[in-house]
Amino acid sequence: MKIFLLILLILVVAAVAGLWLWRQADQSADRSAVARLMAFQPATPERFDPALVQDLPEPARRYFLFTIKKGTSLYTVAQIAMAGKFGMGNREAPDYAEMAANQTLAMPEGFIWKMNARRGRLRLSGSDTEQWTRFWLMGILPVARMGGNLDHTRSAFGRYVAEAVFWTPAALLPRPGIVWELVDVNTARVIVRHNGMEQAVDVVVADDGRPVQVSFDRWSNANPEKIHRWQPFGGYLSEFREFDGFRLPTRVEAGNFFGTEAYFPFFVAKVSSVEFPR
């Protein structure tokens, strides 16, 4: 019996040590992802001149003139701190958990979103990037580990192109790979092409140019069949504040099946800071 207990103890210790090392490897990968994305920040960016957008469709021009003040340094990589709620269920049973997160966004290269959530005594933490989804339950059990395939990459690309509309408008100024089109008097469409992928995002702007609604078709398996397909995604932006010359939303609500009766805003966040590290 003593030998059995000793072997069992050794196995438990080995398992715990293995999980700890696995967790450390994830955290190391997170740090590397942040460093890689930060390297895309322009060292000496040009400053915003309205002439840069004078040839764009009128609602797109309105969007840029609102979100970027004249003379603002055009930094394209942002770090965003946020808190709010994250739905782990569906429209009928949202199962919201309180969450806090930090994100590094470098469109079109990628992003990393590091989140901690809690619901009662349960704790969920981990990260989401253009390459992986890795979350841990109670900091010790690996759950929701996905990525490393085209489906994940394509879905993530839609997400961070849309989020650039929220938080890094300078990354969407016209250049090779980025085209703006007119949809209607208050809606512009940005089309981003990068590494063989293409994503279109529609931006609805108010009279003063505030982007109030974002929508797009996202490659996703967030459906009852759990099959990857194009389906509507989007949300609403509000409570704008100025950060280093950029006027950005600090409240974001977004979810699947946007614009339909099945819309589920699983992501509701309040932003506390947006920084453009040099």
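Scroll up to find the structure.
Small disclaimer: the values here were computed from a predicted structure and weren't measured.

1. Side note on the nonpolar core
Part 1 of the argument: Ranked by size, the top nonpolar core spans 62 residues in total, and within it Phe64, Met82, Met99, Trp113, Trp167, Leu172 and Trp180 carry the most contacts.
Part 2 of the argument: The element contributing the most residues to this core is helix 3 (residues 150-167), with nine residues.
Part 3 of the argument: Leaving out residues up to four positions away in the same chain, leucine 172 has contacts with Tyr63, Phe64, Met107, Val161, Ala164, Val165, Ile178, Trp180, Val190 and Val192.
Part 4 of the argument: With seven residues, the next largest nonpolar core counts Ala33, Val77, Ala106 and Ile112 among its residues.

2. Details of a nonpolar patch on the surface
Part 1 of the argument: Nonpolar side chains collect at one region of the surface, where Leu122, Met138, Ile140 and Leu141 lie side by side and expose about 360 Å² of accessible area between them.
Part 2 of the argument: With respect to the helices and strands, the residue isoleucine 140 is situated in the loop between strand 5 (132-137) and strand 6 (141-147).

3. Points about the pattern of salt bridges
Part 1 of the argument: Taken as a whole, this structure holds 16 salt bridges when the rule is applied.
Part 2 of the argument: The salt bridge partner of aspartate 26 is arginine 145, with a shortest N-O separation of 2.8 Å. With aspartate 26 in helix 1 (residues 2-38) and arginine 145 in strand 6, the pair connects residues that are 119 residues apart, well separated along the chain.
Part 3 of the argument: Taking the relative accessible area as the measure of exposure, arginine 145 reaches 30% and is therefore partly exposed.
Part 4 of the argument: Residues joined by salt bridges that share partners form a network here, namely Asp26, Arg134 and Arg145.

4. Topic: the environment of proline 42
Part 1 of the argument: Here proline 42 shows up in the loop between helix 1 and helix 2 (58-67).
Part 2 of the argument: Between the alpha carbons of proline 42 and tyrosine 75 there is a distance of 6.4 Å; along the sequence they are 33 residues apart.
Part 3 of the argument: Setting aside anything within four residues of it in sequence, one finds proline 42 in contact with Leu74, Tyr75 and Thr76.

5. Here's the deal with the environment of valine 179
Part 1 of the argument: Among the secondary structure elements, valine 179 is positioned in strand 7 (residues 178-184).
Part 2 of the argument: Note on valine 179: relative accessible area 35%, which makes it partly exposed.
Part 3 of the argument: For the pair valine 179 and leucine 150, spaced 29 residues apart in the sequence, the C-alpha separation amounts to 24 Å.
Part 4 of the argument: The residues contacting valine 179, other than those within four sequence positions of it, are Arg189, Val190, Ile191 and Arg193.

6. Section: the packing of aromatic side chains
Part 1 of the argument: With the rule as written, the count across this model stands at 18 aromatic pairs.
Part 2 of the argument: Measuring from ring centre to ring centre gives 5.6 Å for phenylalanine 111 and tyrosine 160, while their planes differ by 40 degrees; the resulting arrangement is tilted. Here tyrosine 160 lies in helix 3 and phenylalanine 111 lies in strand 3 (residues 110-119), a separation of 49 residues in the sequence.
Part 3 of the argument: By the ring-pair criterion, three or more aromatic residues cluster together here, those being Phe86, Tyr96, Trp113, Phe216, Phe233, Phe264, Phe266 and Phe267.
Part 4 of the argument: One residue, lysine 85, lies across the ring of tyrosine 96, its end atom 4.3 Å from the ring centre.
Part 5 of the argument: The lysine or arginine in question, arginine 134, covers the ring of tryptophan 132, its NZ or CZ lying 4.0 Å from the ring centre.

7. A few points about helix 2
Part 1 of the argument: The element helix 2 is extensively covered by neighbouring structure, given that seven of its 10 residues are classed as buried.
Part 2 of the argument: For helix 2, the complete set of buried residues consists of Pro59, Ala60, Arg62, Tyr63, Phe64, Phe66 and Thr67.

8. Digging into the side chain of glutamine 199
Part 1 of the argument: The residue glutamine 199 is located in strand 9 (residues 197-205) in this model.
Part 2 of the argument: In this structure glutamine 199 comes out as buried when scored by relative accessible area, which is 4%.
Part 3 of the argument: A distance of 3.0 Å separates a polar side-chain atom of glutamine 199 from the backbone oxygen of aspartate 217.

9. Points about the pairing of strand 13 (residues 264-275)
Part 1 of the argument: Pairing of strand 1 (residues 78-87) with strand 13 involves eight bridges; the strand directions are antiparallel. Within strand 13, the position partnered with isoleucine 80 by the bridge is valine 274.
Part 2 of the argument: Direction of pairing for strand 12 (residues 246-256) relative to strand 13: antiparallel, over a ladder of five bridges. Across the sheet, residue asparagine 256 finds its bridge partner in strand 13, namely phenylalanine 264.

10. Some remarks on the environment of glycine 255
Part 1 of the argument: Tracing the backbone through its elements, the reader meets glycine 255 in strand 12.
Part 2 of the argument: A sequence separation of 17 residues divides glycine 255 from serine 272, and the C-alpha atoms of the two residues are 21 Å apart.
Part 3 of the argument: Not counting the four nearest positions on each side in its chain, glycine 255 is found in contact with Phe233, Gly234, Tyr263, Phe264, Pro265 and Phe266.

11. With respect to unusual backbone geometry
Part 1 of the argument: Note the cis peptide between methionine 107 and proline 108, where omega equals 15 degrees.
Part 2 of the argument: Along the chain, proline 108 turns up in the loop between strand 2 (96-106) and strand 3.
Part 3 of the argument: One non-glycine residue, lysine 226, adopts positive backbone phi at about 55 degrees.
Part 4 of the argument: Secondary-structure assignment places lysine 226 in the loop between strand 10 (211-220) and strand 11 (229-243).
Part 5 of the argument: On the basis of relative accessibility, which here comes to 60%, the residue lysine 226 falls in the exposed class.
Part 6 of the argument: For glutamate 239, which is not glycine, the phi dihedral falls at a positive 55 degrees.
Part 7 of the argument: Secondary-structure assignment places glutamate 239 in strand 11.

Reading the values: rules and limits
- Residues numbered from 1 in each chain as written.
- Predicted model: local features only at pLDDT ≥ 70, side-chain atom pairs only at ≥ 80, totals over all residues.
- Heavy atoms only, no water.
- Core = buried A, V, L, I, M, F, W, Y, C linked by side-chain atoms within 4.5 Å.
- Buried < 20%, exposed > 50% of the residue type's maximum accessible area, 1.4 Å probe, protein only.
- Helix = DSSP H or I, 4+ residues; strand = E, 2+ residues; numbered from the N terminus.
- Contact = heavy atoms within 4.5 Å.
- Patch = residues over 30% accessible without salt bridge, like charges linked within 9 Å, V, L, I, M, F, W, Y side chains within 5 Å.
- Areas by Shrake-Rupley, 256 points an atom, 1.4 Å probe, with all protein chains shown as cover.
- Salt bridge = Lys/Arg side-chain N within 4 Å of Asp/Glu carboxyl O.
- Phe/Tyr/Trp six-rings, centres within 6.5 Å; stacked < 30°, edge-to-face > 60°.
- Lys NZ or Arg CZ within 6 Å of the ring centre and 35° of its normal.
- Polar contact = N/O pair within 3.5 Å; in protein donor to acceptor, adjacent residues only side chain to side chain.
- Pairing = 2+ DSSP bridges.

In short, the description is geometric, and any link to function would need to be established separately.
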